[in-house]
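Here are the chains, one letter per residue:
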Amino acid sequence: MTVYNQKTILLVENEANIARDEKNNLQRYDYRVILATSGEEAIRIIESNHDIDLIVMGIDLGHGIDGAEAAQQILKKRDIPIIFLSNHPDSKIVEKTEQILSYGYVVKNTDIIVLDALIKMALRHFETRVKEKKHVSFLNTIIENSPCAIWVSDTKGTITRTNQRLRKTLNLSDDQIIGKYNVFNDNNLKQQNLINEVEKVFTEQKTAHFT
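Thresholds applied
- Residues numbered from 1 in each chain as written.
- Predicted model: local features only at pLDDT ≥ 70, side-chain atom pairs only at ≥ 80, totals over all residues.
- Heavy atoms only, no water.
- Pairing = 2+ DSSP bridges.
- Helix = DSSP H or I, 4+ residues; strand = E, 2+ residues; numbered from the N terminus.
- Salt bridge = Lys/Arg side-chain N within 4 Å of Asp/Glu carboxyl O.
- Buried < 20%, exposed > 50% of the residue type's maximum accessible area, 1.4 Å probe, protein only.
- Arc of directions from axis to C-beta.
- Contact = heavy atoms within 4.5 Å.
- Core = buried A, V, L, I, M, F, W, Y, C linked by side-chain atoms within 4.5 Å.
- Polar contact = N/O pair within 3.5 Å; in protein donor to acceptor, adjacent residues only side chain to side chain.
- Expected span 1.5 Å × (residues − 1).
- Axes fitted to C-alpha atoms, helices over the stretch in contact; angles between N-to-C directions.
- Parallel < 35°, antiparallel > 145°, perpendicular 65-115°, else oblique.
- Left-handed = near helix turned anticlockwise from the far one by under 90°.
- Nonpolar A, V, L, I, M, F, W, Y, C, P; charged D, E, K, R; others polar.

Trainee: Talk me through the pairing of strand β7 (residues 159–162); I want residue IDs and the actual numbers.
Mentor: Sheet analysis places strand β6 (residues 151–153) next to β7, joined by three bridges and oriented antiparallel. For Val152, the partnering residue across the bridge sits in β7 and is Arg161. Hairpin connection, β6 to β7: the antiparallel pair is bridged by five residues, and Gly157 has positive phi, about 95°.

Take a look at the structure:
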């Protein structure tokens, strides 16, 4: 049996008629909708409800903070996709929302088919980004805790990243290595020995031993 995962949306809109229509439209498309009428209320809801999957955020929310400021405060507390709504397209509003990690911008009363498509796309992109972040975190953990000395350098040979084993081998900190050591021309004896050992692995297919 297929289990359907209904998505929960926080709709932030202070205009009663628009809020009612948008909520009804979203519910017709099988979304669970929670309504907030101000940016401050939206922040409180996000803090207490961890089941919300996405926010549809009005820009002009009347008194109090606007949607852009509310979104900024929310994103400091939680990573969540946000779609902005506005009464009309405005270059200043677009520029303001572009500075925030958002997943789209639509005009209020846009056809629900368009909004639904944007919501689905935003959820897919967010899921992909979360997976990528987890993957990067996993790789970072492997690199940092590897028993082998590892460094990353740019095309000029300047070291841009190290791991724990390399720092211990060189008896140096990240601040002493990154941006200051070059794997092509540095004369540091320990580093040169390290490079020689790494080269030996590739040329002679032997195991490198670091001391």
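Further notes follow.
Trainee: Please provide a residue-by-residue account of the pattern of salt bridges, values included.
Mentor: Under the defined criterion, the tally for this structure stands at 10 salt bridges. Ionic pairing is found between Glu13 and Lys108, a salt bridge with its closest N-O pair at 2.8 Å. Of this pair, Glu13 sits in the loop between β1 (8–12) and α1 (16–28) while Lys108 sits in the loop between β5 (105–107) and α5 (112–144), placing them 95 residues apart in sequence. Residues Glu13 and Lys108 agree in their burial class; the two are buried.

Trainee: A description of helix α2 (residues 39–48) should follow, citing residues and the corresponding values.
Mentor: Of the residues making up α2, those classed as buried are Gly39, Ala42, Ile43, Ile45 and Ile46. Take α2 and look down its axis: the buried residues cluster within an arc of 165°, on one side only. Across α2 from its buried face, at more than 90 degrees, point the exposed residues Arg44 and Ser48. Turning to α2, the residues buried within the fold contact β1, β2 (32–36), β3 (54–58) and α3 (67–77).

Trainee: Explain the nonpolar core to me, using residue names and the numbers behind them.
Mentor: Membership of the largest hydrophobic core comes to 22 residues, with the highest contact counts inside it found for Leu10, Val12, Ile55, Met57 and Ile74. Val12 has contacts with Ala36, Ser38, Gly39, Ala42, Ile55, Val56, Met57, Gly58 and Leu61, leaving out every residue within four places of it along the chain. Counting 18 residues, the second-largest nonpolar core is a separate cluster that includes Val33, Leu85, Leu118 and Ala122.

Trainee: Give me the lowdown on the side chain of Asn49, citing residues and values where you can.
Mentor: Structurally, the position occupied by Asn49 is in the loop between α2 and β3. Residue classification places Asn49 among the buried positions, given a relative accessible area of 16%. From its side chain, Asn49 meets the backbone nitrogen of Asp51 in a polar contact 2.8 Å long.

Trainee: Tell me about α5, residues and numbers included.
Mentor: A rise of 1.5 Å per residue sets the reference length of α5, with its 33 residues, at 48 Å; its end C-alpha atoms lie 47 Å apart and thus fit the reference within 8%. Burial in α5 covers these residues: Ile112, Leu115, Asp116, Leu118, Ile119, Ala122, Leu123 and Phe126. Looking at the buried side of α5, the elements it contacts are β1, α1, β3, β4 (82–86) and β5. The N-capping residue of α5, defined by a side-chain oxygen 2.8 Å from the backbone nitrogen of Ile113, is Asp111.

Trainee: Lay out the packing of α2 against α3 in plain terms, naming residues and giving numbers.
Mentor: Geometry of a packed helix pair, given as the angle between the helix axes and the separation of the axes. At their nearest, the axes of α2 and α3 sit 9 Å apart, and the two run at 15° to each other. With respect to α3, the axis of α2 lies roughly parallel. You can see that α2 and α3 cross each other, and the crossing is right-handed. Two secondary-structure elements touch here, α2 through Gly39, Ala42, Ile43, Ile46 and Glu47 and α3 through Ala70, Gln73, Ile74 and Lys77. Looking at the contact of α2 with α3, its residues break down into five nonpolar, two polar and two charged.

Trainee: I'd like a rundown of the sheet that holds β4, residues and numbers included.
Mentor: The strand order β2-β1-β3-β4-β5 describes an open sheet built from five strands, whose pairing is parallel. At either margin of the open sheet sits one strand with a lone partner, and together these are β2 and β5. Between one strand axis and the next, the sheet turns through 20° on average, direction left out of account. Sheet topology places β3 next to β4; four bridges connect them, and they run parallel. Note that in β4 the partner of Met57 across the bridge is Phe84. Packed onto the sheet, α2 meets β1, β2 and β3 and runs at close to 130° relative to β2.

Trainee: Could you give me a rundown of the environment of Gly64, with the residues and numbers involved?
Mentor: Structurally, the position occupied by Gly64 is in the loop between β3 and α3. What makes Gly64 exposed here is its relative accessible area of 57%. When the C-alpha positions of Gly64 and Glu40 are compared, they lie 7.4 Å apart, and in sequence the two are 24 residues distant.

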